[in-house]
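# Fold and contact review
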Amino acid sequence: MTGSSAEHDGPAAPRPDVVICPGGPMLVFGDLVVEDADGERHRTHRPVSAICRCGRSAAAPWCDGTHKALPDKLRP
Ligand code: FES
């Protein structure tokens, strides 16, 4: 191995559709419909939306930052 990877270098790398934030939310990009655990559908209205993965947000399915107050073992 050379230690270099063209697929991770440079501006040609495409933006992912979903980014998992360690210990925090899942970021999604663009206009999407998110269905929550109760089957209710929520449309995204922002270029980037954060979906709660810790299950403690008061604004579910969206992240409201509550995960930041959780101890590490309770974070996603
Ligand atoms: S991931 Fe942020 S409040 Fe749940």
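Refer to the structure above for everything that follows.
### Some thoughts on the pairing of strand β2 (residues 26–29)
Here 3 bridges tie strand β1 (residues 18–20) to β2, and the two strands are oriented antiparallel to one another. Counted as the bridge partner of valine 19 is leucine 27 from β2. Between β1 and β2, which pair antiparallel one after the other, the connecting turn spans 5 residues, and glycine 23 there sits at a positive phi close to 75°.

### Details of the pattern of salt bridges
By the definition in use, this model includes 1 salt bridge. A salt bridge links arginine 41 to glutamate 35; its shortest N-O distance comes to 3.2 Å. Looking at arginine 41, the relative accessible area reads 62%, which means it is exposed. The class for glutamate 35 is partly exposed, based on a relative accessible area of 49%.

### So, unusual backbone geometry
When glycine is set aside, most residues are seen to have a negative phi, and most peptide bonds are trans. The omega angle of the peptide bond from alanine 60 to proline 61 is 15°, so this bond is cis rather than trans. By the element assignment, proline 61 lies in the segment after β5 (48–51).

### Observations regarding empty space enclosed by the protein
Counting across every chain of the model gives 1 cavity of 30 Å³ or more. There is about 30 Å³ of room inside the largest cavity. Residue composition of the lining of the largest cavity, grouped by class: 4 nonpolar, 5 polar and 2 charged.

Conventions adopted
- Residues numbered from 1 in each chain as written.
- Predicted model: local features only at pLDDT ≥ 70, side-chain atom pairs only at ≥ 80, totals over all residues.
- Heavy atoms only, no water.
- Pairing = 2+ DSSP bridges.
- Helix = DSSP H or I, 4+ residues; strand = E, 2+ residues; numbered from the N terminus.
- Salt bridge = Lys/Arg side-chain N within 4 Å of Asp/Glu carboxyl O.
- Buried < 20%, exposed > 50% of the residue type's maximum accessible area, 1.4 Å probe, protein only.
- 1 Å grid on protein atoms, 1.4 Å probe; cavity = no way out; pocket = protein on both sides within 12 Å on 5 of 7 lines; lining within 4 Å.
- Points joined across faces, edges and corners; volume = space filled by probe spheres on them.
- Nonpolar A, V, L, I, M, F, W, Y, C, P; charged D, E, K, R; others polar.

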